[in-house]
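Residues per chain, in single letters:
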Amino acid sequence: MRVRLKDIADAVGVQPPTVSVVLNNKKTTIRVSDETRQRILDVAREMGYIRDASALALSTGKTGRLGVILSDTVTSHWANPYFAQLLTGAEAACREAGYGLQISSYNISNLDRFVTPNKIATRAVDGYVLLGSTDADVLDQLRQLDVPFVCIKETEEDATPVDSVVSDLKGVMIEAMEYAAGMGHRRFALLDTPEAWRVKMAENLVKQLPASLQGCTVDFFDYADIQRSDYTASPALVDQWEG
């Protein structure tokens, strides 16, 4: 039979509300001593107590789950190594915090093709992490639904005011170039997709090389198929560069 809060309360010698405060880590005026708190936790574990997620959601207004949405425009989707690593990090953080994780993929880069899923509108999770290119109008639609979210973005050059975690791509490239320059290399080729913000970042990188890279040259090449990351196009690219 399912273990109830009353069962634990009877075993410890306290009232069910006290057990609820401890097991759900509630902020309340009920004061519980450290000794009693630990006893409740020990007895709950010994009796095999499992929290009822539905009951918890009704009492707290929280689902205990977070959602991760990946733009379906991302090449290879979850097989893409970059986004797979982000998902791994999100799963580890949720596990540590005691949250469940819900994973989805939608077209969030174009409002005309974005259809608000029912689980977003009905708040099936407590918040979302958005991965990949996200249209500003889609973000506005999520705001109107009062859905908490944070974006994982590749650039700071974005005027959309949203809570974000941003990759320092330029800093990483400079660090890699400095390492190669330390080995005697002076000529670099920057291979990237022809998106406007990526081209702008490349132009800024060339103009703002640090003193440690003075004397080095950087050529930028548009490569629409870079997401393959399998190096099969490298011979032709080298020929183009050297030519």
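About the criteria used
- Residues numbered from 1 in each chain as written.
- Predicted model: local features only at pLDDT ≥ 70, side-chain atom pairs only at ≥ 80, totals over all residues.
- Heavy atoms only, no water.
- Axes fitted to C-alpha atoms, helices over the stretch in contact; angles between N-to-C directions.
- Helix = DSSP H or I, 4+ residues; strand = E, 2+ residues; numbered from the N terminus.
- Parallel < 35°, antiparallel > 145°, perpendicular 65-115°, else oblique.
- Contact = heavy atoms within 4.5 Å.
- Nonpolar A, V, L, I, M, F, W, Y, C, P; charged D, E, K, R; others polar.
- Core = buried A, V, L, I, M, F, W, Y, C linked by side-chain atoms within 4.5 Å.
- Buried < 20%, exposed > 50% of the residue type's maximum accessible area, 1.4 Å probe, protein only.
- Pairing = 2+ DSSP bridges.
- Arc of directions from axis to C-beta.
- Expected span 1.5 Å × (residues − 1).

Visitor: Is there a simple way to explain the packing of helix 1 (residues 5-12) against helix 2 (residues 16-23) in this structure?
Guide: Geometry of a packed helix pair, given as the angle between the helix axes and the separation of the axes. The contact between helix 1 and helix 2 brings their axes to 8 Å, and the two run at 105°. Classed by the angle they form, the pair helix 1 and helix 2 counts as roughly perpendicular. Across the interface between the two elements, Leu5, Lys6, Ile8 and Ala9 from helix 1 touch Pro16, Val19, Ser20 and Leu23 from helix 2. In terms of residue class, the contact of helix 1 with helix 2 is made up of six nonpolar, one polar and one charged.

Visitor: Which parts of the structure should I look at to understand the nonpolar core?
Guide: Here is a general trend for soluble globular proteins: nonpolar side chains tend to be buried in one another's company. Residues Met177, Phe188, Leu190, Leu205, Leu209, Leu213 and Val218 are the most contacted members of the largest nonpolar core, which totals 14 residues. Among the elements of the structure, helix 8 (169-182), strand 6 (187-192) and helix 9 (196-207) are those that each provide at least two residues to this core. The dominant element in this core, judged by the number of residues it contributes, is helix 8, at five residues. Aside from chain neighbours lying at most four places away, what touches Val218 is Met177, Phe188, Leu190, Val206 and Leu209.

Visitor: Help me understand the sheet that holds strand 4 (residues 149-153) in this model?
Guide: Sheet strands pair via backbone hydrogen bonds, and the direction of the pair is either parallel or antiparallel. With parallel pairing, the five strands of this open sheet are ordered in space as 2-1-3-4-5. The outermost strands of the open sheet, each flanked by one partner alone, are strand 2 (100-106) and strand 5 (164-166). When the angles between neighbouring strand axes are averaged without regard to direction, this sheet yields 20°. Examined bridge by bridge, strand 3 (residues 128-131) and strand 4 share four bridges and lie parallel to one another. Within strand 4, the residue paired with Leu130 across the bridge is Cys151. In the packing of helix 5 (residues 81-97) onto the sheet, contacts are made with strand 1 (65-71), strand 2, strand 3 and strand 4, and the angle to strand 2 comes to roughly 155°.

Visitor: Any chance you could explain helix 1 here in plain terms?
Guide: Regarding helix 1, the residues found buried are Ile8, Ala9 and Val12. Taken end-on, helix 1 shows its buried residues confined to a sector of 100°, consistent with a single buried face. Along its buried surface, helix 1 packs onto helix 2 and helix 3 (34-47). Immediately downstream of helix 1, the backbone of Gly13 shows phi near 90°, a positive value.

Visitor: Help me understand the environment of Cys216 in this model?
Guide: Take Cys216: it is sitting in the loop between helix 9 and strand 7 (217-222). For Cys216, a relative accessible area of 10% puts it in the buried group. Taking the C-alpha atoms as reference points, Cys216 and Arg187, separated by 29 residues in sequence, lie 5.7 Å from one another. Beyond its immediate stretch of four places on either side in the chain, Cys216 contacts Ala181, His185, Arg186, Phe188 and Leu209.

Visitor: Explanation requested: helix 5 in the structure shown.
Guide: Since the α-helix turns once every 3.6 residues, residues separated by three or four places project in the same direction. Across its 17 residues, helix 5 extends 25 Å between first and last C-alpha, which sits within 8% of the 24 Å expected from 1.5 Å per residue. Listing the buried residues of helix 5 in full gives Phe83, Leu87, Ala90 and Cys94. Down the axis of helix 5, the buried side of the element spans an arc of 65°, and every buried residue falls inside it. Helix 5 presents Pro81, Gln85, Arg95 and Glu96 as exposed residues on the side facing more than 90 degrees away from its buried surface. Along its buried surface, helix 5 packs onto strand 1, strand 2 and strand 3.

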